[in-house]
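One-letter residues, chain by chain:
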Amino acid sequence: QVQLVESGGGLVQAGGSLRLSCAASGRTFSSYAMGWFRQAPGKERECVAAISWSGGSTYYADSVKGRFTISRDNAKNTVYLQMNSLKPEDTAVYYCAADPEWVVVAGPPSSYRYLEVWGQGTLVTVSS
């Protein structure tokens, strides 16, 4: 089974950039679709970006389109989230998650319960 560890969170000023990394253990990483999710205080968890096992399909929430880019390096067992033009409303704990099924990773919030693996999260704080 895949295990996930996020890194790269921190404090950044509005307009700045951060790159999150999610390192996976396990030989089957390349067969998993991956997603980045976030949860702000008092808000529901949401998927901000997802990428298929091959990288051929991606999904972005409307709130981050044009600012965030998801990518993966299957040789390094790592998925990335490049976040540019950050806004205070991007402040949240960011989680990566994995599942063999694309429709689970990129699906509606009702599908989140079926995600096979979650990381522990990394905090991103954007100051105004």
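This is a predicted model, so every value here is computed, not measured.

(A) Region of interest: the environment of L20. In this fold, L20 is placed in strand β3 (residues 18-25). In contact with L20, other than residues within four places in its own chain, are S7, G8, G9, W36, V79, Y80, L81, M83, Y94, T122 and V124.

(B) Layout of the sheet that holds β3. Read from one edge to the other, the open sheet built from four strands follows the order β1-β3-β8-β7, with strand pairing classed as antiparallel. For this open sheet the edge positions go to β1 (3-7) and β7 (68-73), each flanked by a neighbour on one side alone. Across the sheet, the mean angle separating the axes of adjacent strands is 15° when strand polarity is ignored. Examined bridge by bridge, β7 and strand β8 (residues 78-83) share six bridges and lie antiparallel to one another. Each residue of the ladder has a partner; that of I70, found in β8, is L81.

(C) Looking closely at the state of the cysteines. Counted by the stated rule, this structure contains one disulfide. With a sulfur-sulfur separation of 1.9 Å, C22 is cross-linked through a disulfide to C96. Because the sign of the S-S torsion sets the handedness, a value of about 50° for the bond joining C22 and C96 places this disulfide among the right-handed ones. Of this pair, C22 sits in strand β3 while C96 sits in strand β9 (residues 92-99), and the two are 74 residues apart along the sequence.

(D) View of the nonpolar core. One finds L4, M34, W36, I70, L81, M83 and Y94 to be the most contacted residues of the largest nonpolar core, which totals 31 residues. For this core, the secondary structure elements donating two or more residues are β3, β4 (33-39), β5 (46-51), β7, β8, β9 and β11 (122-127). Judged by nonpolar contacts, the second largest core, of nine residues, contains A97, V105, Y112 and L115.

(E) Focus on the packing of aromatic side chains. Under the counting rule described, the total for this entry stands at three aromatic pairs. Here the aromatic rings of F37 and Y112 are separated by 4.9 Å at their centres, their planes lie at 85°, and the arrangement is edge-to-face. Here Y112 lies in the loop between α1 (102-105) and β10 (117-118) and F37 lies in strand β4, a separation of 75 residues in the sequence. Here the two residues F37 and Y112 agree in accessibility, since each one is buried. Counting every residue linked through ring pairs, the aromatic cluster contains F37, Y95, Y112 and W118. Sitting over the face of the ring of W118, R45 holds its NZ or CZ atom 4.6 Å from the ring centroid.

Thresholds, definitions, all that
Residues numbered from 1 in each chain as written. Predicted model: local features only at pLDDT ≥ 70, side-chain atom pairs only at ≥ 80, totals over all residues. Heavy atoms only, no water. Helix = DSSP H or I, 4+ residues; strand = E, 2+ residues; numbered from the N terminus. Contact = heavy atoms within 4.5 Å. Pairing = 2+ DSSP bridges. Axes fitted to C-alpha atoms, helices over the stretch in contact; angles between N-to-C directions. Disulfide = S-S within 2.5 Å. Core = buried A, V, L, I, M, F, W, Y, C linked by side-chain atoms within 4.5 Å. Buried < 20%, exposed > 50% of the residue type's maximum accessible area, 1.4 Å probe, protein only. Phe/Tyr/Trp six-rings, centres within 6.5 Å; stacked < 30°, edge-to-face > 60°. Lys NZ or Arg CZ within 6 Å of the ring centre and 35° of its normal.

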